[in-house]
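Fold and geometry: a report
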Amino acid sequence: MKAEKLLEVRFPAKPERLCLVRSLVRSASTHSGCSGALCDKLVIAVNEACMNVIQHAYKGDESGEMVLEILNNGSELLFRLKDHAAPIDLNSVKPRDLDEIRPGGLGVHFIREIMDECRMGHLEKGAGNYLEMTKRID
Amino acid sequence: MKYTVREEGGYTVLELTGEVDLSCSPEARKQILLCLDEKRNLLVDMSRVNYIDSSGVASLVEGFQTAKKRNLKFGLVGVSGSAMSVLQLARLDKVFPIHLNVQERLKADG
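Residues numbered from 1 in each chain as written. Chains lettered and ligands numbered in written order. Predicted model: local features only at pLDDT ≥ 70, side-chain atom pairs only at ≥ 80, totals over all residues.

Bringing unusual backbone geometry into the picture now. You will see that A:Lys125, though not glycine, has its phi angle at about 55 degrees, which is positive. By the element assignment, A:Lys125 lies in the loop between β4 (117–122) and β5 (129–136). Non-glycine residue B:Asn71 carries a positive phi angle of around 55 degrees. Along the polypeptide, B:Asn71 turns up in the loop between α2 (54–69) and β4 (74–77). Residue classification places B:Asn71 among the exposed residues on the basis of 8 C-beta atoms within 10 Å. (Helix = DSSP H or I, 4+ residues; strand = E, 2+ residues; numbered from the N terminus. Buried ≥ 20, exposed ≤ 12 C-beta atoms within 10 Å, placed from the backbone.)

All names here are of chain A. Taken together, the 5 strands give an open sheet; going across it, the order is β1-β2-β3-β5-β4, and neighbouring strands pair in antiparallel fashion. Of all the strands in the sheet, just β1 (4–12) and β4 have a single pairing partner and so form its edges. For this sheet, the mean inter-axis angle between neighbouring strands, taken without regard to orientation, is 15 degrees. Two elements, β1 and strand β2 (residues 65–72), share 8 bridges in a ladder whose sense is antiparallel. (Pairing = 2+ DSSP bridges. Axes fitted to C-alpha atoms, helices over the stretch in contact; angles between N-to-C directions.)

Each regular strand shows side chains that alternate between the opposite faces of the sheet. Residues and elements named next belong to chain B. For strand β3 (residues 42–52), the buried fraction is high: 8 of the 11 residues fall into the buried class. Two strands pair when backbone bridges link them, and strand β2 (residues 11–20) and β3 are joined in this way by 8 bridges, in the parallel orientation. Of the residues in β3, the one forming a bridge with Val 13 is Leu 43. Chirality of the crossover, the property in question, places the unit of β2, helix α1 (residues 25–37) and β3 among those that are right-handed. Taken together, β3, α2 and β4 form a β-α-β motif whose crossover is right-handed. (Right-handed = clockwise from strand over helix to strand, strands pointing away.)

Now the structure itself:
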């Protein structure tokens, strides 16, 4: 089944905009028939992905922008997040050992724990980075 | 996020309300560390927290570790369902002392 695009939104890489993104993710997930518990988890994962862009790709530069697309192919939701920051070191993005109790570094773990699949890479010609996250909903 | 601070049973109780995300977790961290800087035992009341992200969780971890270093008591009370699911994801629900409310924590202290 061809994936239907539910929404595409462009927003500034500002922490204050994350609440709006969470609302959109919740609405799209609910619209796609996800349970309340699954909606909660998808909101957490996408929020963490956006936070990583703000903190690690743009390094706090609030003039940066990112684009979130949400697609539904009938059995899965696909969340595609793109930024136009300098290409990041893909090897540096990995979950940390949770037995080590320290602040920070949990976002990647949350995303991997919640989503079924994650793919990340660089946009063509060094134009930025992307992260695609997939979650089964059937 | 809003917060209030009160004293109860030998603890400072920092009650957080609303969403604790990247836009306000620096303020939550500041308030937590301020209480600990003043050598006060601290409970963070999370009964009105309807969302917390990893930056908010990091503020709690920093508070927990700072209190430990300074021999102060630290804990969470009234953790809402949504906040608890995030703590569980981080596997911190067994690390932080968590009680239903301040009274339960005081009972546990004996």
